[in-house]
Amino acid sequence: MSDSGELLVLRLALSGVLFAFLFAAALVLRSSLRPVRRTATAARVGASARLVVTAPARSGLEVGAEFQLVGNTLVGREVTNGIVLSDASVSGEHATLERTGRGWLVRDAGSTNGTYLANRRIDGRGALLRHGDVVSFGVVGLRFEGR
């Protein structure tokens, strides 16, 4: 094989390795942007509370997608939030969820389109969530399951 032929083979091999790496990286990034879907059995083990999507609007989520609640959690459109809802009606930092001695407290963080519990607007003082409550961040609805 000539020098130019060997060089071509090496370039093609390097291009193939680079393409495979970029493809694998894209798959990892894509999978990390989706909420983990869990079975009912897995959700009961060691998990005390979760939010289940009931009205995804244009968030890119599916009905039934679940978010486990652990400690204090920010909800909003920004990717740095614990729960990311990519809908235009959701503010960057829309609301907070906080575990208290009395249960889970949801507080609006000064959002533009509001946070609602059973169609009542929540202010900065917050409201305690009860099992089965539907909380809306903008027009995205999630059902609270837990204590």
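This text follows the structure it describes.
Caption draft 1: Spotlight on the overall build of the chain. Secondary structure summary: the chain contains two helices and eleven strands in total. Listing the helices and strands of the chain from first to last along the sequence gives α-α-β-β-β-β-β-β-β-β-β-β-β. Here the chain holds 147 residues, and 35% of them are scored as buried. The long-range share in the chain, meaning contacts at least 24 apart out of those at least 6 apart in sequence, stands at 39%.

Caption draft 2: Just the nonpolar core, in detail. Within the largest apolar cluster, 24 residues are counted, with the highest numbers of intra-cluster contacts made by L85, L97 and L142. Residue assignment for this core shows that the elements contributing at least two residues are β1 (49-55), β5 (95-100), β6 (103-108), β10 (134-137) and β11 (140-146). Not counting chain neighbours up to four residues away, the residues in contact with L97 comprise L51, L69, G71, N72, T73, V75, I83, W104, L105, V106 and L129.

Caption draft 3: Examining the side chain of S89 more closely. When you line up the elements, S89 lands in the loop between β4 (83-84) and β5. Within polar-contact distance, the side chain of S89 engages the backbone nitrogen of V139 at 2.9 Å. Those residues in contact with S89, other than ones at most four positions away along the chain, are H94, N113, F137, G138, V139 and V140.

Caption draft 4: Representation of the sheet that holds strand β7 (residues 115-117) within the structure. Strand order across the open sheet formed by six strands is β2-β1-β11-β10-β7-β8, with antiparallel pairing between neighbours. Strands with a single pairing partner mark the edges of an open sheet, and in this sheet they are β2 (66-68) and β8 (120-122). Strand after strand, the sheet turns through a mean of 30 degrees between neighbouring axes, direction not considered. With four bridges connecting them, β10 and β11 associate as antiparallel partners. Bridged to F137 within β11 is V140.

Caption draft 5: Structural detail: the sheet that holds β4. The five strands lie next to each other as β4-β3-β5-β6-β9, forming an open sheet whose pairing is mixed. Only two strands of the sheet have a single partner each, and these edge strands are β4 and β9 (127-128).

Caption draft 6: Representation of the environment of T96 in the model. Positionally, T96 belongs in strand β5. Judged by its relative accessible area of 26%, T96 falls in the partly exposed class. Residues T96 and V106, spaced ten residues apart in sequence, show a C-alpha to C-alpha distance of 5.7 Å. The contacts of T96, once residues within four sequence positions are left out, are T73, L74, L105, V106 and R107.

Conventions and cut-offs
In this convention, every chain numbers its residues from 1, walking through the sequence in written order. Local features in this predicted model are restricted to residues whose pLDDT is 70 or higher, and side-chain atom pairs enter the listing and the counts only when it is 80 or higher, whereas totals over whole chains, interfaces and linings include all residues. As a convention, hydrogens and water are excluded, and side-chain values are obtained from all of the structure's heavy atoms. Strands here are runs of E lasting at least two residues and helices are runs of H or I lasting at least four, both read from the DSSP assignment and numbered beginning at the N terminus. Only protein chains enter the accessibility calculation, which uses a 1.4 Å probe; a residue whose area is less than 20% of its type maximum is buried, one above 50% is exposed, and one in between is partly exposed. Whether two residues touch is decided by their heavy atoms; if any such pair falls within 4.5 Å, the residues are in contact. Definition of nonpolar core: a set of buried residues of the types Ala, Val, Leu, Ile, Met, Phe, Trp, Tyr and Cys, connected through side-chain atoms within 4.5 Å. Distance and chemistry together define a polar contact, namely a pair of N or O atoms within 3.5 Å, with one atom able to donate a hydrogen and the other to accept it when in protein, and with adjacent residues in sequence counting only for side-chain atoms on both sides. Note on pairing: DSSP must find at least two bridges between two strands before they are called paired. Helix axes are fitted only over the stretch in contact, all axes being lines through C-alpha atoms; the angle between N-to-C directions runs from 0 to 180 degrees.

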